[in-house]
Amino acid sequence: MIYPIVKFGDPVLEKPAERVSAFDEELKRLIDDMFESMYSAHGVGLAAPQIGIGRRIAVIDITFKEDPNAKLVLINPEIIRSEGKHTQSEGCLSIPDFRENVTRPNKVTVRAQDMNGKTFEKTGEELLARALLHETDHLNGKLYISHLSALKRDLMKRKIRKLMKAGEW
Ligand code: NI
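Report follows, based on the coordinates. (Residues numbered from 1 in each chain as written. Predicted model: local features only at pLDDT ≥ 70, side-chain atom pairs only at ≥ 80, totals over all residues. Heavy atoms only, no water.)

Our next topic: the overall build of the chain. From N to C terminus, the chain includes three helices and seven strands. Shown N-terminal to C-terminal, the secondary structure of the chain runs as helices and strands in the order α-β-β-β-β-β-β-β-α-α. Computed over the C-alpha atoms, the radius of gyration of the chain is 16 Å, within 12% of the 15 Å expected from 2.2 N^0.38 for a compact globule of 169 residues. Each of the three principal axes of the chain carries a C-alpha extent, and together these read 45 × 40 × 30 Å. (Helix = DSSP H or I, 4+ residues; strand = E, 2+ residues; numbered from the N terminus. Rg over C-alpha atoms; globule rule 2.2 N^0.38 Å.)

As structure tokens, then:
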């Protein structure tokens, strides 16, 4: 099932999501649906709040279907190590048609559970590090615009409000 993507302005995106404790069939189905919804929206990462579900689940595939082994499921993820700095243009499916340069750590390690509840650690650099940080942020109710200067963020919000008024958001 393909879920519609929730856009900026919906409070679910700015509320910390709840921990997952049941690793059941329903969760597995939801993860399948999240991958399907992410690919359908041409994204490389998706967090459950972005489909209106406030639970700590995220999926990532920075290769966009090229490498099946690159598919990553993060349940209850936490960033446990980070180092370096890397600046790159970043976007979000929930803030369509906007992109901004965001500086983030260049290398991070996340600790998370897989769909069976097993704890694992994964280290990523550059694009993968960015995706791990971006999706973990989502589960903490944080959007990438929170890493921008207040000036840039306000400008962006003003543009979005205009689109909302015009019924184009
Ligand atoms: Ni996002």
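So much for the structure itself; the text now carries on.
Another point: the pairing of strand 2 (residues 57–60). Going residue by residue along strand 2, you find Ile 57 and Val 59 tucked away on one face and Ala 58 and Ile 60 tucked away on the opposite face as well. The pairing of strand 1 (residues 45–47) with strand 2 spans three bridges and is classified as antiparallel. Within the sheet, the bridge partner assigned to Ala 47 lies in strand 2 and is Ala 58. As paired strands, strand 2 and strand 3 (residues 72–83) are joined by four bridges and run antiparallel to one another. Looking at the pairing, Ala 58 lines up with Leu 74 of strand 3. (Buried < 20%, exposed > 50% of the residue type's maximum accessible area, 1.4 Å probe, protein only. Pairing = 2+ DSSP bridges.)

Quick look at the coordination of the nickel ion now. Looking at the nickel ion, the protein donor atoms are Cys 92 (SG), His 134 (NE2) and His 138 (NE2), and they sit 2.1 to 2.3 Å from it. In primary-sequence terms, the residues that donate to the nickel ion follow C-x41-H-x3-H. A residue pair is termed long-range when its members are at least 10 positions apart, and Cys 92 in the loop between strand 4 (86–90) and strand 5 (100–104) and His 134 in helix 2 (residues 126–139) qualify at 42 residues. Like Cys 92, the residue His 134 is buried in the burial classification. (Donors = N, O, S within 2.8 Å, 3.2 Å for Na, K, Ca; no water.)

The next thing to look at is helix 1 (residues 25–40). Here helix 1 is 16 residues long and its end C-alpha atoms lie 23 Å apart, about the 22 Å a rise of 1.5 Å per residue gives. Buried within helix 1 are the following residues: Leu 27, Leu 30, Ile 31, Asp 33, Met 34, Phe 35, Ser 37, Met 38 and Tyr 39. Within two residues after helix 1, His 42 carries a phi angle of roughly 60 degrees, on the positive side. (Expected span 1.5 Å × (residues − 1).)

The next point concerns the nonpolar core. Counting 17 residues, the largest nonpolar core has Ile 31, Met 34, Ile 57 and Val 59 as the members making the most contacts within it. Only helix 1, strand 2 and strand 3 provide two or more residues apiece to this core. It is helix 1 that provides the largest number of residues to this core, a total of seven residues. Ile 57 has contacts with Val 20, Leu 27, Leu 30, Ile 31, Met 34, Leu 46, Ala 47, Ala 48, Leu 74, Ile 75 and Leu 139, leaving out every residue within four places of it along the chain. Residues Ala 58, Leu 128, Ala 129 and Leu 133 belong to the second largest nonpolar core, which totals 16 residues. (Core = buried A, V, L, I, M, F, W, Y, C linked by side-chain atoms within 4.5 Å. Contact = heavy atoms within 4.5 Å.)

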